[in-house]
Amino acid sequence: PSLTRFLVENLIGELITAYKAGAFTQPGADRLGQYDLIKQELAVIGAPAAGPLAELLALGSGEGPAIAGDVLEALGEAGVSAVSDQLLRTDNSRARGLAAELLARLPLSSGNETEVQARLIELLRSDPDWIVRKYSALALARRSRDLSARTEGVGDSDRALGALSRALVDTDSAVSEA
């Protein structure tokens, strides 16, 4: 595990360097650019890459969180737990907002979707930053809808619907309109 983390952290460093250098795949190119090649390698590593990427997302500013979000989205379900964990772990409201916004794009988690939605509900109810509440509402609505569609309406969507209903009267119009 420590060797894998070492590899992942070095790949993330190289990914940031490639991003800054603009080493992306060019349209019509025969091979991947350095950024996309490293992103692909991190996706192959999968779940072990998710934790360090979520830590980068937690920085909340600079190009790091955008890069982390891009790769975590490519990881799919492997990134859900790591991103969800960052929601309540960080004091950085920008990072919480980015994490909630990213959860709206990530697929449902087969193992801990209930926990992910519970974290989104908690943020929607009590986060002091309106942007975090807004993105939590959007992510919760999408994830709840997708879960209901996957289970053909069978499941516990009452908590999500209750939280979303309460969000309709949020003091900030951006949240209630979300």
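To start, this report covers the structure provided alongside it.

What counts, and where the lines are drawn
- Residues numbered from 1 in each chain as written.
- Predicted model: local features only at pLDDT ≥ 70, side-chain atom pairs only at ≥ 80, totals over all residues.
- Heavy atoms only, no water.
- Helix = DSSP H or I, 4+ residues; strand = E, 2+ residues; numbered from the N terminus.
- Rg over C-alpha atoms; globule rule 2.2 N^0.38 Å.
- Contact = heavy atoms within 4.5 Å.
- Areas by Shrake-Rupley, 256 points an atom, 1.4 Å probe, with all protein chains shown as cover.
- Lys, Arg positive; Asp, Glu negative; His and termini not counted.
- Charge placed at Lys NZ, Arg CZ, Asp CG, Glu CD.
- Buried < 20%, exposed > 50% of the residue type's maximum accessible area, 1.4 Å probe, protein only.
- Salt bridge = Lys/Arg side-chain N within 4 Å of Asp/Glu carboxyl O.
- Phe/Tyr/Trp six-rings, centres within 6.5 Å; stacked < 30°, edge-to-face > 60°.
- Lys NZ or Arg CZ within 6 Å of the ring centre and 35° of its normal.
- Axes fitted to C-alpha atoms, helices over the stretch in contact; angles between N-to-C directions.
- Parallel < 35°, antiparallel > 145°, perpendicular 65-115°, else oblique.
- Left-handed = near helix turned anticlockwise from the far one by under 90°.
- Nonpolar A, V, L, I, M, F, W, Y, C, P; charged D, E, K, R; others polar.
- Polar contact = N/O pair within 3.5 Å; in protein donor to acceptor, adjacent residues only side chain to side chain.

A count of helices and strands for the protein chain gives 10 helices and 0 strands. Going residue by residue from the N terminus, the α and β elements of the protein chain occur as α-α-α-α-α-α-α-α-α-α. Relative to a compact globule of 178 residues, whose C-alpha radius of gyration would be 16 Å, the protein chain shows 17 Å and is just as compact. Over its C-alpha atoms, taken along the principal directions, the protein chain stretches across nearly 50 × 40 × 35 Å. Intrachain contacts of the protein chain at a sequence separation of at least 6 include 68% that bridge at least 24 residues. Of the roughly 9,200 Å² that the protein chain leaves accessible, carbon and sulfur atoms contribute 53%. Each charge sign in the protein chain was given a centre, from 18 positive and 25 negative side chains, and these centres are 2 Å apart.

Turning to the environment of Ser84, a few remarks are in order. As for its placement among the helices and strands, Ser84 is situated in helix α5 (residues 80-89). When its relative accessible area of 0% is taken as the criterion, Ser84 is described as buried. Separated by 92 residues in the primary sequence, Ser84 and Ser176 place their C-alpha atoms 23 Å from one another. Excluding its chain neighbours within four sequence positions, the residues that come into contact with Ser84 are Leu103, Val116 and Arg119.

Taken as a whole and judged by the stated rule, the model has 14 salt bridges. For the salt bridge of Lys20 with Glu63, the shortest nitrogen-to-oxygen distance reads 3.5 Å. Remark: Glu63 occurs in helix α4 (residues 63-75) and Lys20 occurs in helix α1 (residues 2-21); sequence separation between them is 43 residues. Arg105 is the salt-bridge partner of Glu73, the closest N and O atoms lying 3.0 Å from each other. Of this pair, Glu73 sits in helix α4 while Arg105 sits in the loop between α6 (93-103) and α7 (113-126); the two residues are 32 residues apart in sequence, bridging distant segments of the chain. The class of Glu73 is partly exposed, set by a relative accessible area of 37%. Given a relative accessible area of 36%, Arg105 falls into the partly exposed group.

Now for the packing of aromatic side chains. Counted under the stated rule, the structure contains 3 aromatic pairs. The interplanar angle of 50° and the centroid separation of 6.1 Å between the aromatic rings of Tyr19 and Tyr35 together place this pair among those described as tilted. Residue Tyr19 is found in helix α1, and its partner Tyr35 is found in helix α2 (residues 34-45); the two are separated by 16 residues along the sequence. When its relative accessible area of 32% is taken as the criterion, Tyr19 is described as partly exposed. The cationic tip of Lys134 hangs over the ring face of Tyr135; the distance from NZ or CZ to the ring centre is 5.8 Å.

Helices that pack against each other are described as a pair by the angle of their axes relative to one another and the distance between those axes. At their nearest, the axes of α7 and helix α9 (residues 158-167) sit 10 Å apart, and the two run at 20° to each other. As the angle between them shows, α7 and α9 are arranged roughly parallel. The handedness of the crossing between α7 and α9 is left-handed. Residues Gln117, Ala118, Ile121, Leu124 and Arg125 of α7 pack against Arg159, Ala160, Ala163, Leu164, Arg166 and Ala167 of α9. Among the residues making up the contact of α7 with α9, the classes are represented as 7 nonpolar, 1 polar and 3 charged.

Within the secondary structure, Arg133 sits in helix α8 (residues 130-150). Of note is the side chain of Arg133, whose polar atom sits 2.9 Å from the backbone oxygen of Asp127. Ignoring sequence-local partners within four residues, the contact set of Arg133 consists of Leu123, Leu124, Asp127, Pro128, Asp170, Thr171, Asp172 and Val175.

Okay, the environment of Asn112 next. Structurally, Asn112 can be placed in the loop between α6 and α7. The spatial distance from the C-alpha of Asn112 to the C-alpha of Ser84 is 9.8 Å, given a sequence separation of 28 residues.

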